[in-house]
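These are the residues of each chain, in order.
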Amino acid sequence: MTVPARMSIVTIGVADLQRSKAFYEALGWELASSSVDGVIYWFRTADTYLGLFGYESLAEDANLPASPRSPFPGFTLAICVENNEAVSAAMEQAVNAGGSVLKPAQKAAEFDGWHGYFADPDGYPWEVAFNPNFPIGGDGRITIE
């Protein structure tokens, strides 16, 4: 048997569950009814779920020390959108929801598109990108060949 190549859930440890819940709701993301108030919040995305869990509790659950995070957690999360204008609009909405700009929306040097980065209230970096080489299907999922 092999490990299935899929990401079902991304759970991030947050300092303030209510603040983070409010941020993702302000982005317009759908809160799942299975969320447990004050414990864990689930948000539906096109192809996975985002979980919000207390930082120390998540570290404990994973049997890891809850040491202070560095500004760069070693990963970025990405949202692919349909065009350049959607990148700028999503960045603006993230800032209005309480996020901060890490890299303003701009032409992507690596591909013929547009991208920028924002941080959520806990500093997790999100890239918003339009990459014409990664078409978005009707279900919201991208295709990378």
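Right above here is the structure, for reference.
None of the values given here were measured: they were computed from a predicted structure. (Residues numbered from 1 in each chain as written. Predicted model: local features only at pLDDT ≥ 70, side-chain atom pairs only at ≥ 80, totals over all residues. Heavy atoms only, no water.)

Asker: Which parts of the structure should I look at to understand the overall build of the protein chain?
Answerer: When its secondary structure is counted, the protein chain shows 3 helices and 8 strands. Mapped in sequence order, the helices and strands of the protein chain form the string β-α-β-β-β-α-β-α-β-β-β. Taking 145 residues into account, the globule formula puts the C-alpha radius of gyration at 15 Å, and the protein chain, at 16 Å, falls close to it. Expressed as lengths along the three principal axes of its C-alpha atoms, the size of the protein chain is roughly 45 × 40 × 30 Å. Evaluated residue by residue, the protein chain yields a buried proportion of 32% over its 145 residues. Taking the contacts inside the protein chain whose residues are at least 6 apart along the sequence as the reference set, 50% of them involve residues at least 24 apart. Total accessible area computed for the protein chain in this model is approximately 8700 Å², and 54% of it derives from carbon and sulfur atoms. The positive charge centre, built from 8 side chains, and the negative charge centre, built from 18, are 2 Å apart in the protein chain. (Helix = DSSP H or I, 4+ residues; strand = E, 2+ residues; numbered from the N terminus. Rg over C-alpha atoms; globule rule 2.2 N^0.38 Å. Buried < 20%, exposed > 50% of the residue type's maximum accessible area, 1.4 Å probe, protein only. Contact = heavy atoms within 4.5 Å. Areas by Shrake-Rupley, 256 points an atom, 1.4 Å probe, with all protein chains shown as cover. Lys, Arg positive; Asp, Glu negative; His and termini not counted. Charge placed at Lys NZ, Arg CZ, Asp CG, Glu CD.)

Asker: What should I look at first to understand the sheet that holds strand β6 (residues 100–108) in this one?
Answerer: In a beta sheet, neighbouring strands pair by backbone hydrogen bonds and run either parallel or antiparallel. What the 4 strands build is an open sheet, ordered β5-β8-β7-β6; its pairing is mixed. The open sheet has two edge strands, β5 (77–80) and β6, and neither has a second partner. The mean angle between the axes of side-by-side strands here comes to 15 degrees, regardless of whether they run parallel or antiparallel. Looking at chain direction, β5 and strand β8 (residues 125–130) are connected through 4 bridges and run parallel. Looking at β8, one finds that Ile79 is bridged to Val128. (Pairing = 2+ DSSP bridges. Axes fitted to C-alpha atoms, helices over the stretch in contact; angles between N-to-C directions.)

Asker: Please clarify how the layout of surface pockets should be interpreted in this entry.
Answerer: To locate leftover empty space, one rolls a probe as large as a water molecule over the atoms. Of the volumes computed, that of the largest pocket is approximately 1100 Å³. Considering the residues around the largest pocket, the lining is formed by 29 residues, among which Thr45, Asp47, Thr48, Ala78 and Ile79 are closest to the centre. Going through the elements one at a time, β4 (49–54), β5 and β8 are the ones with two or more residues in the lining of the largest pocket. Here the element with the most residues in the lining of the largest pocket is β5; it accounts for 4 residues. Taken together, the residues of the lining of the largest pocket break down into 19 nonpolar, 5 polar and 5 charged. (1 Å grid on protein atoms, 1.4 Å probe; cavity = no way out; pocket = protein on both sides within 12 Å on 5 of 7 lines; lining within 4 Å. Points joined across faces, edges and corners; volume = space filled by probe spheres on them. Nonpolar A, V, L, I, M, F, W, Y, C, P; charged D, E, K, R; others polar.)

Asker: Got a minute to help me understand the sheet that holds strand β2 (residues 30–31) in this structure?
Answerer: Spatially, β1-β4-β3-β2 is the arrangement adopted by the 4 strands of the open sheet, whose pairing is mixed. Edge strands, defined here as strands with exactly one partner in the open sheet, are β1 (9–14) and β2. As paired elements, β2 and strand β3 (residues 40–44) share 2 bridges and run antiparallel to each other. The partner of Glu30 across the bridge, within β3, is Arg44. Those strands touched by helix α1 (residues 17–26) are β1, β2, β3 and β4, and its axis lies near 160 degrees from that of β4.

Asker: Please explain the environment of His115 as it appears in this structure.
Answerer: Within the secondary structure layout, His115 lies in strand β7 (residues 113–119). On the basis of relative accessibility, which here comes to 4%, the residue His115 falls in the buried class. Taking C-alpha positions, His115 is 6.3 Å from Phe130, a pair spaced 15 residues apart along the chain. When neighbours within four sequence positions are excluded, His115 is seen to be in contact with Val87, Lys103, Pro104, Ala105, Gln106, Lys107, Ala108, Glu110, Glu127, Val128 and Ala129. Side-chain polar atoms of His115 contact the side chain of Lys103, separated by 3.3 Å. There is a polar contact of 2.7 Å between the side chain of His115 and the side chain of Glu127. (Polar contact = N/O pair within 3.5 Å; in protein donor to acceptor, adjacent residues only side chain to side chain.)

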